[in-house]
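# Observations on the three-dimensional arrangement
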Amino acid sequence: MEYPVEHILGVRNKLGEGPLWSSTGQALYWVDIEGHRFYRYQPASGVQESFDVGLPVGVLAPRAAGGLVMATKRGFALWDAPAQPLRFLADPEADRPQMRFNDGAVDCQGRFWAGTMCEVPEQRQGGEGKLYRLDPDGSIRVMETGLTISNGIGWSPDNHTMYLTDSPLYMIYAYDFDPATGAIRNRRPFTHTPDEDGVPDGLTVDSEGYVWSVRWGGWKLTRYDPAGNQERKVRLPVQYPTSCAFGGANLDELYITSAWTELGEKQKQEQPFAGDLFRVKMDIKGMEQPPFAG
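Residues numbered from 1 in each chain as written. Predicted model: local features only at pLDDT ≥ 70, side-chain atom pairs only at ≥ 80, totals over all residues. Heavy atoms only, no water.

### Notes on the sheet that holds strand β2 (residues 16-22)
Taken in spatial order, the 4 strands of this open sheet run β2-β3-β4-β5, and their pairing is antiparallel. With partners counted over all chains shown, the strands left at the sheet margins are β2 and β5 (47-52), one partner each. Across the sheet, the mean angle separating the axes of adjacent strands is 20° when strand polarity is ignored. Sheet topology places strand β4 (residues 37-42) next to β5; 6 bridges connect them, and they run antiparallel. Counterpart to Y41 in the pairing with β5 is Q48. (Pairing = 2+ DSSP bridges. Helix = DSSP H or I, 4+ residues; strand = E, 2+ residues; numbered from the N terminus. Axes fitted to C-alpha atoms, helices over the stretch in contact; angles between N-to-C directions.)

Below is the structure:
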């Protein structure tokens, strides 16, 4: 089945990432990691805003108390208003300046998960990445180690399975997840796709329990069934899509971010929409995304 892909906003993000839908504000948020800013878009009014935070932001999420929580180059931080500086909470990677936070998400109990990666390709050995969990009480726990580029993360509708991507390994892992405690165990391959175009980047899970994984460098996103088998794909007009999130009033619109940071000048001319925001109207719904409870 072919899905029409709408070009929504010409934002030209260098490395657009981490889209998420806030049902409370009926708004889409996302970041431009290398552009040191984040965006807020309200489809009903067409209002689009961007906010410069002065450093790379890997992922963010709304807070139940108002404002946003972020995982940045300098660790976890809170954002309250444009005129106010970030309030930094803690930097668990302060002793590793080559690392930065990349992708993450909030679980059903309002805990903020975010993973790290080495941002200097020449220094990337593999296995440096970690997955952290910021709890509402401000405590930080290391939940996984030995990752190369910790990427797309999500949970099954029953909240008993967590998915986590390690992009250079072409791997999406599945874990047993305890929603009450936030513990994970029993890591196993969900899908390993070295023969598929592109590498797995950001992901989201729909209300039917299928995983949508964007393929960096692959011009597409892929939907996998709960057993990890490819179920369908959506072709995209850009080579480097980065992540996706369901949004809209009925959670039946799939928003997709993208990047141009890997493109040469000729490729940029051939892909004028690289770095922009896209939308696909779906016959499938996503799930409500909880705010950070801290």
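### Some words on the nonpolar core
Residues F38, M70, F112 and W212 are the most contacted members of the largest nonpolar core, which totals 51 residues. The next biggest cluster of nonpolar side chains, apart from the first, holds 14 residues, and it includes W113, L131, W155 and F177. (Core = buried A, V, L, I, M, F, W, Y, C linked by side-chain atoms within 4.5 Å. Buried < 20%, exposed > 50% of the residue type's maximum accessible area, 1.4 Å probe, protein only.)

### Quick word on the packing of aromatic side chains
For the coordinates displayed, the defined rule picks out 16 aromatic pairs. With 5.0 Å between their ring centres and 85° between their planes, F38 and W79 make a pair best called edge-to-face. Of this pair, F38 sits in strand β4 while W79 is found in strand β8 (residues 75-79), placing the two residues 41 residues apart along the sequence. Judged by its relative accessible area of 0%, F38 falls in the buried class. Overall, W79 belongs to the buried group, its relative accessible area being 8%. Relative to F101, the ring of F76 lies with its centre 4.9 Å away and its plane at 50°, an arrangement referred to as tilted. Of the two residues, F76 is situated in strand β8 and F101 in strand β10 (residues 99-106); the sequence distance between them amounts to 25 residues. Members of the aromatic cluster, each reached through a chain of ring pairs, are F76, F101, F112, Y132 and F292. (Phe/Tyr/Trp six-rings, centres within 6.5 Å; stacked < 30°, edge-to-face > 60°.)

### Description of the environment of F51
Take F51: it is sitting in strand β5. Judged by its relative accessible area of 10%, F51 is buried. Those residues within four positions of F51 in sequence are excluded, and the remaining contacts are H36, R37, F38, R40, W79 and P82. (Contact = heavy atoms within 4.5 Å.)

### Some thoughts on the sheet that holds β8
With respect to topology, 4 strands assemble into an open sheet ordered β6-β7-β8-β9, the strand pairing being antiparallel. Bordering the open sheet on either side are β6 (57-62) and β9 (87-90), each of which pairs with just one other strand. Ignoring strand direction, the axes of neighbouring strands in this sheet form an average angle of 25°. Relative to strand β7 (residues 68-72), β6 runs antiparallel, the two being bridged by 5 bridges. For L60, the partnering residue across the bridge sits in β7 and is M70.

### Considerations on the pairing of β10
β10 sits mainly inside the fold: 8 of its 8 residues count as buried. Pairing analysis gives 6 bridges linking β10 to strand β11 (residues 112-118), with the strands arranged antiparallel. The residue bridging A105 from the neighbouring strand is W113, located in β11.

### A look at the pairing of strand β24 (residues 277-281)
Across the 5 residues that make up β24, a large majority, 4, are buried. Relative to β24, strand β1 (residues 6-9) runs antiparallel, the two being bridged by 3 bridges. Residue H7 lies in a different strand from β24, and its bridge partner there is F278. Bridge count between strand β23 (residues 253-258) and β24: 4 bridges; the pairing is antiparallel. Across the sheet, residue L254 finds its bridge partner in β24, namely V280.

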